[in-house]
Amino acid sequence: VPALPQGYNLRRVGKEDFQDKNLFKTLSILTTVGDIPEPKFHALIEYWNDRKEIYNPMVITNAENVIIATGMLFVEHKLIHGGGKVGHIEDISVNPSEQGKKLGLIMIRNLIQIAQTEGCYKVILDCDEKNVRFYEKCGMKIEGVEMGYRF
Ligand code: ACO
């Protein structure tokens with residue numbers, strides 16, 4: 001895994017991240033965040049923290065201690081493959097002012113490393129065509145077709 005720039009850190013999301021809204025700002029680059037009141041945010045963090053073997057919500061902070069990148073590794077515990085585990089990478093977002101500094105790649109490499117430590121036999125994700133080259137640079141390969149059903 002390549003090293004982060006000086007002063008940058010990778011860590012788990014915490015309840016304190018509600019205050020300055022930088023987590024929400026970074027995620028809004030990716031998609032609609034919607035209205036999340038503080039009690040709902042805290043309940044979700046508790047839900048994730050009670051299930052640390054499943055939920056790995058990670059962020060990168062810059063030298064000013066501001067969240068500028070996000071990523072989630074969700075570990076699915078399966079019956080098949082001898083009760084194996086599959087890692088799912090979700091919600092990758094890098095603030096535009098910090099893009100092109102390998103932070104996306106460092107996030108992905110770290111999530112893959114967590115998946116390996118957790119004993120996953122593979123890691124998968126869904127993405128747009130325009131991001132395929134980025135994920136290939138992270139060492140991933142196209143496998144199959146993404147499908148969805150929207151409500
Ligand atoms: N097309 C081609 N190559 C790319 C692209 C791209 N769209 N994005 C990055 N790369 C290349 C870089 O040039 C670099 O190559 P190099 O090693 O040869 O120099 C390598 O991939 C690593 O790039 P990073 O600097 O780590 O990329 P960055 O930190 O800018 O993050 C990301 C890339 C996450 C796609 C960012 O642009 C972003 O947040 N985009 C908007 C949100 C988004 O689309 N997120 C992905 C959703 S899919 C999901 O969440 C599962």
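Now for a description of the structure that goes with this document. (Residues numbered from 1 in each chain as written. Predicted model: local features only at pLDDT ≥ 70, side-chain atom pairs only at ≥ 80, totals over all residues. Heavy atoms only, no water.)

**Some words on the environment of Thr31**
What counts is decided by this rule: Secondary structure elements follow DSSP: runs of H or I of four or more residues count as helices, runs of E of two or more count as strands, with numbering from the N terminus. Remark: exposure states derive from per-residue accessible area (1.4 Å probe, protein chains only) relative to the maximum for the residue type, with buried under 20%, exposed over 50%, and partly exposed in between.
Along the polypeptide, Thr31 turns up in the loop between helix H1 (22-27) and helix H2 (38-49). What makes Thr31 partly exposed here is its relative accessible area of 47%. Along the backbone, Thr31 and Ser93 are 62 residues apart, and their C-alpha atoms lie at a distance of 9.4 Å.

**Overview of unusual backbone geometry**
Backbone geometry places Lys21, a non-glycine residue, at a positive phi of 70°. Counting through the fold element by element, Lys21 comes out in the loop between strand S1 (9-12) and H1. The phi angle at His81 is positive, at roughly 55°, despite the residue not being glycine. Here His81 lies in helix H3 (residues 80-83). For His81, a relative accessible area of 57% translates into the label exposed.

**Describing the pattern of salt bridges**
Worth spelling out the cut-off: A pairing counts as a salt bridge when a side-chain nitrogen of Lys or Arg comes within 4 Å of a carboxyl oxygen of Asp or Glu.
This model, assessed by the stated rule, comprises 7 salt bridges. Between Asp17 and Arg11 there is a salt bridge, and its shortest N-O distance comes to 2.8 Å. Residue Glu136 is joined to Arg133 by a salt bridge in which the shortest nitrogen-to-oxygen separation is 2.9 Å. With Glu136 and Arg133 both in helix H5 (residues 132-137) and 3 residues apart, this pair spans about one turn of that helix. One network of salt bridges, in which partners are shared, links Arg11, Glu16 and Asp17.

Note that every value here comes from positions in space, so none of it alone points to a role or purpose.
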